[in-house]
Amino acid sequence: MPHRFAGVTAQVRTLVVGMVLLVAVAGLAGLVGVAVAIATVSRLADEVLPASDANHAVLQRMTDAETGLRGWVATDDDAFLQPYQAARRALPAERRTLRRYAADHPGLRAAVARQDRAVSDWFQRYAEPRLRDPAGPGNVSHQRLLFGKSRFDQVRSANAEVEDRLNADLNDARLDTFQQLPWVVAVLVLVAFLGGVASLVARRVANRISEPLVDMERTVDRLAAGETDARAAVGGPREVRRVGEALNNFADQNARLLDLEREAVTRLKALDRAKTDFVSNVSHELRTPLTSIAGYVELFEDGFINEITPQQRAMLQVVSRNVERLRNLIEDLLSLSQVEAQAFRTSFDVLDLNHLVSDTAHDLGPSAAQRRVTLTQVLPPRPMVMRGDASQLSRALLNLLSNAVKFSHEGGEVTVRVRQVGPDGYVEVSDRGIGIPADDMSSLATRFFRASNAVDAEIGGTGLGLRIVNAVLDNHNGRLEMESVEGEGTTARMVLPLAADTVPEAVRRAAQD
């Protein structure tokens, strides 16, 4: 079945060829009209008007010369001869301009020749002879004045005849210009008409291409907004239709993938709940036998203290250590399960980070003293109030402090500092212990992950401590920041939002801006 629309390339090619032809025709017609108009105007501007100006100049020069000569004759003042002499110098150029124009116009040639003769006759028969005679009031001859006037009248008559001829040529040129005007107007109308036709054709082709594209853009926006049932109308040229079909196919596939993703997420959530329940149940089930084992080991050590050998005592201590290790693992798993299930959200209360840090550091004091590690607290003078679960935050801080003490060298120092930065409270735990390798930093707070240098040094741990800290901070809209250099030490930073009513107004505004 033939396509309703040709392809975009074919349509654009047809449009371009058509517009080129239209422009060529319009341009050719315009060139013809403009050429004719330019020729007429050029004749008017380059020939007739300069000749007319030259004829006016000839009469003006002759008038200046006649007036100057008459003034000199009457007064014998040489100043009156300056216009005469200026006219004598300028007249040859003006007369040559007239003769050049008259050479191509036979009807004007005789009149220009008569004017040349009249001008020459006035100078030769009257002006030059009179200049050779004395001047002044006593030397004025009325007869000679009348003779000069008659010669000058002939100049005026010849100039008027030339002017009439030039005016006739000027009127003919203007008439030709006006006669060409309809042709020029017709050419302009034709160009405008062809331009309008080209514009309509171009607009039609553009609409065929743009309308489906605009609909596709809207469809993409709707899909991005979550409307999975949005589909584009398929239309327009072949290439555009194929893009529309591809977009709809993509939307169909995306909808199917979203359904599969939702189903997978639902299953994963169910599996995660089952896993959490399983870990919680197993942990609870293990607590009782571990408590019994620890109790019996303690009773055995106390009851037979004088009857067991050193080797047997060492074996009992191994059992005690491993029971304690399993107990810590179970406690961590239970805590992590509870935190990730967000079971403590309803117990949010107002608490002071300063008190939280002091209490937790005090609880860890014996362990630090056992390793001869100094615990230093740096607390601000005013309360750092926030809303949260004190027991969970204490557990998170205890994990950070325990890690700092555990990974410090004997006789080292651990510093816990509380400070405010904008609307947030910072609790920083710093040590100068073994640090964390740079390659391990990206894996911190992952379940059961332990730094490679800690594993090599055979330092105990479950690998769940930072994971618990991270989960607790997530549920308090906070975050954990870690900075460490291997061999130099580590700084763990808990960032927690303070209660709005405890943050100064200026700090709140700066944070909002």
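Every chain's residues receive numbers from 1 upward, in the order its sequence appears when written. Note on the predicted model: pLDDT of at least 70 is required for a residue's local features to be given, and 80 or more for side-chain atom pairs to be given and counted; whole-chain, interface and lining totals, by contrast, use all residues. Side-chain figures throughout are based on the complete set of non-hydrogen atoms in the structure, without hydrogens or water.

A. Highlighting the nonpolar core. By nonpolar core we mean a set of buried residues, namely Ala, Val, Leu, Ile, Met, Phe, Trp, Tyr and Cys, connected to one another through side-chain atoms within 4.5 Å. Per-residue accessibility, obtained with a 1.4 Å probe over protein chains only, is compared with the maximum for each type, and a residue is labelled buried under 20%, exposed over 50%, and partly exposed between these values. With 36 residues, the main nonpolar core has Leu353, Val427, Val429 and Met494 as its most contacted residues. Only α7 (353–370), α8 (390–406), β4 (413–421), β5 (424–431), α10 (465–475) and β7 (489–497) provide two or more residues apiece to this core. Labels follow the DSSP assignment, with helices taken as runs of H or I lasting at least four residues and strands as runs of E lasting at least two, numbered in each case from the N terminus. No other element matches the 7 residues that α8 contributes to this core. By the convention used here, residues are in contact when the closest approach between their heavy atoms is within 4.5 Å. Those residues in contact with valine 427 that sit more than four places away from it in its chain are Leu353, Val357, Leu397, Val416, Arg417, Val418, Ala492, Arg493 and Met494. Counting 32 residues, the second largest nonpolar core, distinct from the first, contains Tyr84, Tyr101, Trp122 and Tyr126.

B. View of the environment of threonine 219. The topology assignment puts threonine 219 in helix α4 (residues 142–224). In this structure the C-alpha to C-alpha distance between threonine 219 and aspartate 229, which are 10 residues apart in sequence, comes to 9.6 Å.

C. Representation of α10 within the structure. Burial analysis of α10 places 9 of its 11 residues in the buried class, the great majority of the element. Residues of α10 that are buried include every one of Gly465, Leu466, Ile468, Val469, Asn470, Ala471, Val472, Leu473 and Asn475, and no others. One or two positions beyond α10, positive phi appears at asparagine 477, with a value near 60°.

D. Region of the structure containing the packing of aromatic side chains. Each pair of aromatic rings taken from Phe, Tyr and Trp, with Trp reduced to its six-membered ring, is defined by centres within 6.5 Å and is described as stacked if the planes are under 30 degrees apart, edge-to-face if over 60, and tilted in the remaining cases. By the definition in use, this model includes 4 aromatic pairs. Here tryptophan 122 and tyrosine 126 contribute two aromatic rings whose centre-to-centre distance is 5.9 Å and whose plane-to-plane angle is 50°, an arrangement assigned as tilted. Highlighted residues: tryptophan 122 and tyrosine 126, both in helix α3 (residues 106–132), separated by 4 residues, approximately one helical turn. Across the pair, tyrosine 126 and tryptophan 122 agree in class, each one buried. Grouped by ring-pair contacts, the aromatic residues Tyr84, Trp122, Phe123, Tyr126 and Phe152 constitute a single cluster. It is arginine 88 that lies over the ring of phenylalanine 123; its NZ or CZ is 4.2 Å from the centre. By definition, being over a ring means that NZ of Lys or CZ of Arg is both within 6 Å of the ring centre and within 35 degrees of the ring normal.

Function cannot be read off these values alone, since they describe shape.
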